[in-house]
Amino acid sequence: MTFELFTSSVKTKKQLEGLPAPLKALWLGGAGDWEGAHAAVQDEHTRSAAVVHAYLHRKEGDLWNARYWYKQAGRKPAEGPLQAEWDALVREFLKSADLGPGSQAATL
């Protein structure tokens, strides 16, 4: 899947099925569902989920909590615009995502 197709689905709010938790959280967050995005990564124990968790708390304005999650992800806290961080994370996770043939996301 391309970045453009992912962002287009966010704009049209046509939710994609079969996304890994970090991408699902970024999709939900991009579509304006912070609570759903947070729930998607809350119980995931990967560095990918931790960095998305950090981004979400940064977006929320809870910088202390965001710093904690960046540390869990093994990354320095982001400092640039939120949209730039979202774009970079989506691109990173799309590149590494295993969107198998059974996933709706794989067919876009």
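A. The arrangement of the overall build of the protein chain in detail. When helices and strands are counted, the protein chain shows six helices and zero strands. When the helices and strands of the protein chain are placed in sequence order, the string is α-α-α-α-α-α. The buried share of the protein chain, taken over its 108 residues, is 41%. For the protein chain, restricting intrachain contacts to residue pairs at least 6 apart in sequence, the fraction spanning at least 24 positions comes to 46%. Carbon and sulfur atoms make up 51% of the accessible area of the protein chain, which amounts to about 6200 Å² in all.

B. Examining the pattern of salt bridges more closely. For the structure shown, the criterion picks out two salt bridges. Of the charged contacts in the structure, one is a salt bridge between glutamate 85 and arginine 58, with a shortest N-O distance of 2.6 Å. Taken together, the residues glutamate 85 in helix 6 (residues 82–96) and arginine 58 in helix 4 (residues 47–60) connect sequence positions 27 residues apart. Summarising the burial analysis for this pair, glutamate 85 and arginine 58 share the class buried. A salt bridge links glutamate 92 to arginine 75, with the nearest nitrogen and oxygen atoms 2.4 Å apart. With glutamate 92 in helix 6 and arginine 75 in the loop between helix 5 (63–73) and helix 6, this pair connects stretches of sequence that are 17 residues apart.

C. The arrangement of the nonpolar core in detail. Residues Phe6, Leu26, Trp27, Val52 and Trp86 are the most contacted members of the largest nonpolar core, which totals 30 residues. Top element by residues in this core is helix 4. It accounts for seven residues.

D. Summary view of unusual backbone geometry. Unusually for a residue other than glycine, lysine 13 sits at a positive phi of about 60 degrees. In this fold, lysine 13 is placed in the loop between helix 1 (3–12) and helix 2 (21–30). Judged by relative accessible area, which is 54%, lysine 13 ranks as exposed.

E. How the structure looks around the confidence of the model for the protein chain. Per-chain confidence: the protein chain averages 89 in pLDDT, with 90% of residues scoring 70 or above. Every residue in residues 100–108 scores below 50 in pLDDT, and together they form 16 contacts with partners more than four places removed in sequence or on other chains.

Conventions we followed
- The numbers attached to residues start from 1 for each chain and follow its sequence in the written order.
- Totals for whole chains, interfaces and linings use every residue, but because this is a predicted model, local features are given only for residues with pLDDT of at least 70 and side-chain atom pairs only at 80 or more, for both listing and counting.
- Side-chain figures throughout are based on the complete set of non-hydrogen atoms in the structure, without hydrogens or water.
- Numbering of helices and strands runs from the N terminus, with a helix taken as a DSSP run of H or I at least four residues long and a strand as a DSSP run of E at least two residues long.
- Each residue gets one of three labels from its accessible area relative to the maximum for its type: buried under 20%, exposed over 50%, partly exposed in between, using a 1.4 Å probe on protein chains only.
- The contact definition used throughout considers only heavy atoms, calling two residues in contact when any of these lie within 4.5 Å.
- Using a 1.4 Å probe, accessible areas were evaluated by the Shrake-Rupley method; residue-level cover was limited to the displayed protein chains.
- Whenever a carboxyl oxygen of Asp or Glu lies within 4 Å of a side-chain nitrogen of Lys or Arg, that contact is scored as a salt bridge.
- Here the nonpolar core consists of buried residues drawn from Ala, Val, Leu, Ile, Met, Phe, Trp, Tyr and Cys, with membership extended through side-chain atoms lying within 4.5 Å.
- Values of pLDDT, the confidence the predictor places in each residue, fall between 0 and 100.

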